[in-house]
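# Structural overview
Single-letter residue listing:
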Amino acid sequence: MAIPDQVVQKVAESKFLTVLTGAGISAESGVPTFRGQDGLWKNYRAEELATPEAFQKDPKLVWEWYDWRRGIVGDANPNPGHEAISRLEKSAPNFYLITQNVDGLHERAGSCKIVELHGNIWKMRCVKEGTIKTDLTVPLENLPPHCECGALLRPHIVWFGESLWPDSIETAFLVAEECDCMLVVGTSAVVQPAASLPLVTKRAGGFVVEINAEPTPISDMTDSSILGKSGEILPELEYLVSKRK
Ligand code: OAD
């Protein structure tokens with residue numbers, strides 16, 4: 001789908017550009033999204049595994065799922081969509097990237113100003129002490145992993161039913177309010193509070209552009225909804241914006 005000229009103009013003239021991403025941005029890197037057939041693992045849905053209750057009941061099963069995802073993410077590389085976002089950051093006067101993804105691919109593509117709303121798959125946290133450590137081992141030995149203190153380690157990820165970390169959610173809402181243009185990329189926009197960030201931008205008078213393989217519940221409230229693959233649309237948008245500047 002062609003990129004409307006108004007979108008190119010708004011992004012090029014933006015004084016504060018924000019990008020909100022979801023699992024779709026990493027789909028072309030081979031990382032499965034959460035919803036849809038690809039998101040299933042051994043017939044479990046993400047909502048059945050990414051919860052404190054699931055971890056309490058069967059920590060090994062939950063860790064097996066994360067170990068599987070860590071293996072996929074470890075083999076994956078940033079795609080042209082991640083790279084275009086990193087270039088947009090370099091040319092924008094003011095920029096923030098808010099991601100729901102835990103795969104770390106944005107950072108590997110060179111993005112710097114990032115809020116990882118849902119955590120990071122390479123980090124684990126002691127359930128007793130709350131200490132956080134980074135562990136890049138794939139596959140993990142002896143699931144579920146334990147802290148040196150003897151307690152269980154859990155993924156440092158925000159699960160369903162848990163509150164987001166105050167620092168990251170405060171930053172995200174502030175950025176959504178203050179930016180004048182937001183690109184919403186590859187998210188089904190059904191998980192709160194991330195799904196309300198584009199509405200905050202819209203209400204504050206900002207221009208909201210959605211880039212997604214299919215329409216979502218927020219498509220109608222956006223100023224422009226571009227249907228297609230983010231790995232194709234974002235590089236083209238970034239190129240057109242760079243010519244306009
Ligand atoms: P979803 O799996 O819900 O949605 C992925 C979206 O990406 C869908 O709307 C697809 O249409 C779109 N998509 C797929 N391939 C695409 C492509 N190549 N280009 C553009 N769009 C594409 O993922 P999220 O919205 O990120 O939470 O899910 C939100 C949260 O739910 C996740 O952060 C995760 C999950 O449970 C936690 O892990 C805590």
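Keep in mind the model is a prediction, meaning the values are calculated, not measured.

### Things to note about the overall build of the protein
The number of helices and strands found in the protein is nine helices and nine strands. Its C-alpha radius of gyration of 18 Å places the protein within 12% of the 18 Å reference for a compact globule of 245 residues. The proportion of buried residues among the 245 residues of the protein is 53%. Relative to all contacts within the protein whose residues are 6 or more apart in sequence, the contacts with residues 24 or more apart total 68%. Surface accessibility of the protein: about 11500 Å² in total, with carbon and sulfur atoms responsible for 50%. Side chains of the protein carry 24 positive and 33 negative charges; the gap between the two charge centres is 1 Å.

### Things to note about the sheet that holds strand β4 (residues 119–126)
The strand order across the open sheet built from three strands is β5-β4-β6, with neighbouring strands paired in antiparallel fashion. The sheet is open, and its two borders are formed by β5 (132–134) and β6 (153–157), each paired with just one other strand. Put simply, the sheet's adjacent strands are angled 45 degrees from each other on average, direction ignored. Sheet analysis places β4 next to β5, joined by three bridges and oriented antiparallel. Across the sheet, residue Met124 finds its bridge partner in β5, namely Lys133. Strand contacts of helix α4 (residues 59–75): β4 and β6, with the helix running at about 140 degrees to β4, the strand carrying the most contacts.

### Concerning unusual backbone geometry
The phi torsion of most residues other than glycine is negative, and most of the peptide bonds are trans. For the bond from Val138 to Pro139, the omega torsion is -10 degrees, close enough to zero to count as cis. With respect to the helices, strands and loops of the structure, Pro139 is situated in the loop between β5 and β6. The omega torsion across Leu143 and Pro144 is -5 degrees, close enough to zero to call that bond cis. Along the chain, Pro144 falls in the loop between β5 and β6. Phi at Asn142 is positive, roughly 50 degrees, even though this residue is not glycine. Relative to the helices and strands, Asn142 is located in the loop between β5 and β6. Here Asn142 falls in the exposed class, since its relative accessible area comes to 65%. Here the phi dihedral of Ala189 falls at roughly 55 degrees; this positive angle occurs in a residue that is not glycine. Checked against the element boundaries, Ala189 lands in the loop between β7 (181–185) and α8 (197–203). Judged by its relative accessible area of 10%, Ala189 falls in the buried class.

Conventions we followed
Residues numbered from 1 in each chain as written. Predicted model: local features only at pLDDT ≥ 70, side-chain atom pairs only at ≥ 80, totals over all residues. Heavy atoms only, no water. Helix = DSSP H or I, 4+ residues; strand = E, 2+ residues; numbered from the N terminus. Rg over C-alpha atoms; globule rule 2.2 N^0.38 Å. Buried < 20%, exposed > 50% of the residue type's maximum accessible area, 1.4 Å probe, protein only. Contact = heavy atoms within 4.5 Å. Areas by Shrake-Rupley, 256 points an atom, 1.4 Å probe, with all protein chains shown as cover. Lys, Arg positive; Asp, Glu negative; His and termini not counted. Charge placed at Lys NZ, Arg CZ, Asp CG, Glu CD. Pairing = 2+ DSSP bridges. Axes fitted to C-alpha atoms, helices over the stretch in contact; angles between N-to-C directions.

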